[in-house]
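Observations on the model geometry
Chain by chain, the residues run as shown.
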Amino acid sequence: MRIARFSIDGNVAFGAVEGDKPDELVLDIIKGIPFAEHELSGTKVPLSKVRLLPPVLPNKVVAFGRNYAEHARELGNEVPDAPFAFFKPSTSVIGPGDAIQYPSFSADLHHEAELAVVIGRMCREVPRERVQDVIFGYTCANDVTARDVQKREKQWARAKGFDTSCPLGPWVETGLDLARASDLTVQLTVNGEQRQLGRTSEMIHSIEDLIVNITEAMTLLPGDVVLTGTPAGVGPLTVGDEVAVTIEGIGTLTNKVVKRG
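To start, this report covers the structure provided alongside it. Here the structure is a predicted model, which is why all the values come from computation and not from measurement.

Per the stated rule, a full pass over the model turns up four aromatic pairs. Here the aromatic rings of phenylalanine 35 and phenylalanine 136 are separated by 4.9 Å at their centres, their planes lie at 55 degrees, and the arrangement is tilted. Of this pair, phenylalanine 35 sits in the loop between strand S3 (26-31) and strand S4 (39-46) while phenylalanine 136 sits in strand S12 (residues 135-142); the two residues are 101 residues apart in sequence, bridging distant segments of the chain. Overall, phenylalanine 136 belongs to the buried group, its relative accessible area being 16%. The rings of Phe84, Phe86 and Trp156 are connected pair by pair, giving a single aromatic cluster. Of note, arginine 2 hangs over the ring of tryptophan 171, and the distance from its end group to the ring centre comes to 5.5 Å. Between arginine 158 and the ring centre of phenylalanine 105, over which it is positioned, the NZ or CZ distance is 4.7 Å.

This is the structure in structure tokens:
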């Protein structure tokens, strides 16, 4: 099932996305919230009549860097022996169609297409065999990075945590199991030109590795997001660019880069 979060007539709700053709998609409004008991209302609205929002509002976004060997090498970095985590704040999250605001303190903004794991229940110290149980679903993400700031500052908080640096969407796909999610095509285009193309099977540390690693240290809450790393091909964005992340079996997340006002 594809679960979207949207606004219509000033109200915010969740809905199940139905249909196959982009111009015929509809939302069956959900009674309740997806992370608890809920049911479909049977009230349906065309997707074209609503504004899609970030599919979740995470308490935290845990991201893992250098989790694809070719990406690590393209930036001159060593491949880490263990998962390498950092955070993006909730204020960095935007949804499909929202603008990525080019930060005033950077002159080298980069795109990074990623598979995002959405957590479905509160969990801590998750054993490997229980990882599937704590995953609600998967969505597309763009770990937008101020590369020049990342290089000159020892901490990545500003480089990767600025407002609008974490586009998520267009919805959460709940129908993928771990085996399928571990071998999906991830691609990114800028103005229609392909920049990144890889598969989640190329990850150095698996989805299970990442969930086990981070829950050893902290509790994850329903709606929290784990970013799993980006394949090779990262590169610059400029004001006016339209950047699209497409992940097999999930959908396409599209955002435009604008000058920060």
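Taken as a whole and judged by the stated rule, the model has 15 salt bridges. Salt-bridge contacts for aspartate 224 lead to lysine 60; the nearest nitrogen and oxygen are separated by 2.8 Å. One end of the pair, aspartate 224, is in the loop between helix H6 (207-215) and strand S17 (225-227); the other, lysine 60, is in the loop between strand S5 (51-52) and strand S6 (61-65), with 164 residues separating them in the sequence. For the pair shown, aspartate 224 and lysine 60 are each scored as buried. Across the pair arginine 158 and glutamate 153 runs a salt bridge, and its minimum N-O distance is 2.7 Å.

What follows is about unusual backbone geometry. In this structure, proline 170 follows glycine 169 across a cis peptide bond, with omega equal to 5 degrees. Of note, aspartate 9 is a non-glycine position whose phi angle comes to about 55 degrees, a positive value. Inspection of the secondary structure puts aspartate 9 in the loop between strand S1 (2-8) and strand S2 (11-18). A positive phi is found at threonine 164, a non-glycine position, where the angle reads about 75 degrees. Looking at where threonine 164 falls in the secondary structure, it is placed in the loop between helix H4 (157-161) and strand S14 (166-173).

The topology assignment puts threonine 230 in the loop between S17 and strand S18 (235-237). The class for threonine 230 is buried, based on a relative accessible area of 2%. The sequence separation of threonine 230 and glutamate 202 amounts to 28 residues, and the corresponding C-alpha distance is 9.8 Å. With residues near it in sequence (within four places) discarded, threonine 230 still touches Tyr68, His71, Glu112, Ala113, Glu114 and Gln196.

As a further point, take the pairing of S2. Strand direction decides the pairing type here: S1 and S2, joined by seven bridges, are antiparallel. If you follow phenylalanine 6 over to S2, its bridge partner there is alanine 13. The antiparallel hairpin formed by S1 and S2 contains two residues in its connecting segment, where aspartate 9 sits at a positive phi of about 55 degrees. With four bridges joining them, S2 and S3 adopt antiparallel strand pairing. Along S3, the bridge assignment pairs valine 17 with leucine 27.

The next point concerns the pairing of strand S9 (residues 99-102). Judged by which residues are buried, S9 turns out to be one-sided: Ile100 and Tyr102 face inward and are buried, whereas Ala99 and Gln101, on the alternate face, are not. Relative to strand S20 (residues 251-259), S9 is paired through four bridges, and the arrangement is parallel. By the bridge assignment, glutamine 101 is partnered in S20 with valine 258.

A separate point is the sheet that holds S18. Read across the sheet, three strands follow the order S13-S10-S18 without closing on themselves; strand pairing throughout is antiparallel. The open sheet has two free edges, formed respectively by strand S13 (145-146) and S18, since each of these has just one partner strand.

Each value, and the rule that gives it
- Residues numbered from 1 in each chain as written.
- Predicted model: local features only at pLDDT ≥ 70, side-chain atom pairs only at ≥ 80, totals over all residues.
- Heavy atoms only, no water.
- Phe/Tyr/Trp six-rings, centres within 6.5 Å; stacked < 30°, edge-to-face > 60°.
- Helix = DSSP H or I, 4+ residues; strand = E, 2+ residues; numbered from the N terminus.
- Buried < 20%, exposed > 50% of the residue type's maximum accessible area, 1.4 Å probe, protein only.
- Lys NZ or Arg CZ within 6 Å of the ring centre and 35° of its normal.
- Salt bridge = Lys/Arg side-chain N within 4 Å of Asp/Glu carboxyl O.
- Contact = heavy atoms within 4.5 Å.
- Pairing = 2+ DSSP bridges.

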